[in-house]
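Descriptive structure summary
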Amino acid sequence: MAQETIDTNCMTLTRFILAEQKKYAPTGTGDLTQLLASLQSACKAVSAAVRRAGISNLFGAAGDTNVQGEEVKKLDVLANDLFINMLRSSYAACLLVSEENDNEIEVETERQGKYIVTFDPLDGSSNIDCLVSIGSIFAIFRKPHDGPLAPGDALQSGRQIAAAGYALYGSATMIVLSTGHGVNGFMLDPSIGEFVLTDANMMCKPRGKIYSINEGYEEKWDPAIKEYVKSKKQGKAYGGRYIGSMVADVHRTLKYGGIFMYPATADNPNGKLRVLYECMPMAFLLEQAGGMATTGEKPVLDIVPRKLHERSPIYLGSKDDVEDLLEVIAKHKAT
């Protein structure tokens, strides 16, 4: 059997973040670097828990519902606690916004830093029990002022994001990250316990061959969405792929191109995905990778949310595909 070679100079995520800091913020405090290191540790811990979930009896429900009205799974609770504890102890964050918590979490004054972190600790958790890919999503904002925290500090436009990313717990564990200078992917190497750069400078193709949407809600879509999806099944038809975990669906869209859609429906006229910790981080990554992300009316990153758990429709992916959809939406508005 051929001996496996060991890279003695691999680019780990920690090393990459330090290099980015030196390159783009040589006079920086290192707080963002420290915060990203804490997020990396949280993702490693969640990955380990996901891998052991069946053995450690972590599948199933924890017995209550979260602020979104969704049944809370045991792994949800664990992942949320891991993220909160890691971020609190980073000394770089002052305010945390989690999908699982009604209100924002203010970090103790003596531990406060200058960053606000919004996150979904375990996205796609309805897929946990059947072993489908799940993930974590996060965005990092700067505190908008000096001095004590004030109401509404977390309600910032997506244009204010300092860094965003997601972790995907699939056939392997991967973190995809952007600090505003392109998008890079890091695979967890279990043999050394480190995330290693495997996908440098990720770019989304200008046009893809895949559309991704939950077609079970077709009767509740706007006519423009119905028309666009129908057009993808005619002529040179697109393939339909829908996993039901946003992280997995967006990761495929980023890698292969195409379009991911979660439109408003008659039941959810404001859409279903949350702005601060689902739509904005993904929109930031797609734009950094040369793609597009829109609500159907404006870029997702232009939203200024009015409440923590605000929802929005979202359409993201290859630039040409998203522009085609916007043309159909504009045509319907004009009639």
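Let us look at the structure shown here. Computed from a predicted model, the values in this text were never measured in an experiment.

The next point concerns the nonpolar core. M282 and I314 are the most contacted members of the largest nonpolar core, which has 44 residues in total. At the level of secondary structure, the elements contributing two or more residues to this core comprise strand 3 (93-98), strand 6 (134-142), strand 7 (161-169), strand 8 (173-178), helix 5 (246-256), strand 13 (259-262), helix 6 (275-288) and strand 17 (314-317). Counting residues per element, this core draws most heavily on helix 6, at ten residues. Residues in contact with M282, not counting those within four places in the same chain, are I137, Y166, M246, V247, V250 and L316.

Turning to empty space enclosed by the protein, a few remarks are in order. Scanning the model with the defined rule gives two cavities of 30 Å³ or more in all. Considered as a void within the structure, the largest cavity measures approximately 50 Å³ in volume. What lines the largest cavity is L13, I17, L36, L39, Q40, C43, F138, I175 and L177. Only helix 1 (13-24), helix 2 (31-51) and strand 8 provide two or more residues apiece to the lining of the largest cavity. Sorting elements by how many residues they give to the lining of the largest cavity places helix 2 first, with four residues. By residue class, the composition of the lining of the largest cavity is eight nonpolar, one polar and no charged.

What counts as what
Residues numbered from 1 in each chain as written. Predicted model: local features only at pLDDT ≥ 70, side-chain atom pairs only at ≥ 80, totals over all residues. Heavy atoms only, no water. Core = buried A, V, L, I, M, F, W, Y, C linked by side-chain atoms within 4.5 Å. Buried < 20%, exposed > 50% of the residue type's maximum accessible area, 1.4 Å probe, protein only. Helix = DSSP H or I, 4+ residues; strand = E, 2+ residues; numbered from the N terminus. Contact = heavy atoms within 4.5 Å. 1 Å grid on protein atoms, 1.4 Å probe; cavity = no way out; pocket = protein on both sides within 12 Å on 5 of 7 lines; lining within 4 Å. Points joined across faces, edges and corners; volume = space filled by probe spheres on them. Nonpolar A, V, L, I, M, F, W, Y, C, P; charged D, E, K, R; others polar.

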